[in-house]
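Structure at a glance
Letter by letter, the chains look like this.
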Amino acid sequence: AMCVFPADAATGEVQRDKTPLICRKSDGGFNYASTDLTALKQRLEEEAADWLVYVTDVGQKQHFDMVFQAAQRAGWLTSEEGKDAAAPRVDHVGFGLVMGEDGKRFRTRSGETVRLVDLLDEAKQRCHAQLLERGRDTELPPDELDAAATALGYGAVKYADLHNNRTSNYTFSFDRMLDLRGNTAVYLLYAHARICSIVRKSEMDVIKTVENSAINLADPKEVQLAMALARFPEAVEALLEDLAPNKLCDYMYDLSGKYNEFYAECKVLGSEEQDSRLALCESTAMVMRQCFHILGITPLYRI
């Protein structure tokens, strides 16, 4: 067999007493290590990739650690001599298991794997029923009602997966992910739509207001909200550094809470500070939309 034994990270000494990465079996056959190394080399040399992210369950961590080390020792993950470009980056993003409410791996009643399309369809149907219960069909045309149900349902499933620590197992629950309270996509989408409603009621060109008006931060809640908005770049950097979408989810949930506190204490429409506070409202909505975009969730402007 053709094997690559791991090397000590500090000394570089080959550890022949450790489990090796088998690149070719003794009978000449190939395996996952063979194809993963081949694909890695092809992506680096032919596609000129500068950052490769492998997303699998956490059980594959050791395998990819060994693949990456083999590529490093082969000289594939080093910067080219005489060039300023950094060495290619490779990361393994491991994720935990989705569990059912019985504490076991999430499956259908017959024991089969649950299809994602079925989960998305059911989430959409439940959201559509919620909208009907709230009488939204009297205000939204059928096509807009269907689009809202789709955005809420699909967004709820995505957000439920992304807002947890990605290496931890989590329990799949429609009731929790569709809750109008708490750290859910449904709550955040409604929060964004409420901000948009306030902006519409002002009947102003709020983008021009944001560009041309000075934002006066007199009330402590205004200061608190502005500081939360200023932390958006840090939240994105934290996501990228650890490849952890939950950090952006936590930021958006916290931002929404800060906005609610601001709105409860500070009158917006009809106040002397209307332009300044509308600018804060629109800035909050803009940052939330950027967060939704990064997470792959469609924002709603009215529900």
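Above: the structure in question.
Under the 1.5 Å per step criterion, the end-to-end length of helix α10 (residues 245-265) is 31 Å for 21 residues, consistent within 8% with the ideal 30 Å. Looking only at α10, the buried set comprises N246, L248, C249, Y251, M252, L255, S256, K258, Y259 and F262. Packing partners of the buried residues in α10 comprise α4 (142-162), α6 (185-202), α8 (220-230), α9 (232-242) and α11 (274-295).

Under the criterion given, the structure shown has 9 aromatic pairs. With a centroid separation of 5.8 Å and 70° between ring planes, the pair formed by Y187 and Y253 is classed as edge-to-face. One end of the pair, Y187, is in helix α6; the other, Y253, is in helix α10, and 66 residues separate them in sequence. The class of Y187 is buried, set by a relative accessible area of 13%. What makes Y253 partly exposed here is its relative accessible area of 33%. Plain terms: the ring middles of Y259 and F262 are 5.7 Å apart, the flat faces sit at 55° to each other, and that makes the pair tilted. One end of the pair is Y259 and the other is F262, both in helix α10 and 3 residues apart, which spans about a single turn. Classification of Y259 as buried rests on a relative accessible area of 5%. Take F262: its relative accessible area is 0%, and that puts it in the buried class. One aromatic cluster is present, formed by Y54, F64 and F68 through successive ring pairs.

In this approach the atoms are scanned with a rolling probe the size of a water molecule, which exposes any empty space left behind. In this model, the largest pocket occupies a volume close to 950 Å³. Around the largest pocket sit 34 residues that line it, and F95, G96, V98, D161 and Y170 are the ones nearest its centre. Mapped onto the lining of the largest pocket, the elements with two or more residues apiece are β3 (51-57), β4 (89-95), α3 (116-133), α4, α9 and α11. Residues of the lining of the largest pocket, tallied by class, amount to 21 nonpolar, 6 polar and 7 charged.

In this section: a nonpolar patch on the surface. Together, W51, V53, V55, F95 and L240 line one region of the surface with nonpolar side chains, adding up to about 430 Å² of accessible area. By residue number, the principal contributor to the nonpolar patch is β3, which donates 3 residues. Position of W51 among the secondary structure elements: in strand β3. Overall, W51 belongs to the partly exposed group, its relative accessible area being 33%.

Below, the discussion takes up empty space enclosed by the protein. Evaluation of the coordinates by the stated rule reveals 1 cavity of 30 Å³ or more. What lines the largest cavity is simply V4, F5, P6, L21, M66, Q69, A70 and R73. For the lining of the largest cavity, the leading source of residues is helix α2 (residues 61-73), giving 4 residues. Here the lining of the largest cavity is composed, by residue class, of 6 nonpolar, 1 polar and 1 charged.

Next up on the list: α6. For α6, built from 18 residues, the straight-helix expectation of 26 Å at 1.5 Å per residue is met to within 8% by its first-to-last C-alpha distance of 26 Å. Immediately downstream of α6, the backbone of E203 shows phi near 55°, a positive value.

With a phi angle near 55°, E203 is a residue other than glycine that sits in the positive phi range. For E203, the position within the fold is in the loop between α6 and α7 (206-212). A positive phi angle is found at L243, which is not glycine, with a value near 50°. By the secondary structure assignment, L243 is in the loop between α9 and α10. Under the relative-accessibility criterion, L243 is labelled buried at 16%.

Definitions and cut-offs
Residues numbered from 1 in each chain as written. Predicted model: local features only at pLDDT ≥ 70, side-chain atom pairs only at ≥ 80, totals over all residues. Heavy atoms only, no water. Helix = DSSP H or I, 4+ residues; strand = E, 2+ residues; numbered from the N terminus. Expected span 1.5 Å × (residues − 1). Buried < 20%, exposed > 50% of the residue type's maximum accessible area, 1.4 Å probe, protein only. Contact = heavy atoms within 4.5 Å. Phe/Tyr/Trp six-rings, centres within 6.5 Å; stacked < 30°, edge-to-face > 60°. 1 Å grid on protein atoms, 1.4 Å probe; cavity = no way out; pocket = protein on both sides within 12 Å on 5 of 7 lines; lining within 4 Å. Points joined across faces, edges and corners; volume = space filled by probe spheres on them. Nonpolar A, V, L, I, M, F, W, Y, C, P; charged D, E, K, R; others polar. Patch = residues over 30% accessible without salt bridge, like charges linked within 9 Å, V, L, I, M, F, W, Y side chains within 5 Å. Areas by Shrake-Rupley, 256 points an atom, 1.4 Å probe, with all protein chains shown as cover. Salt bridge = Lys/Arg side-chain N within 4 Å of Asp/Glu carboxyl O.

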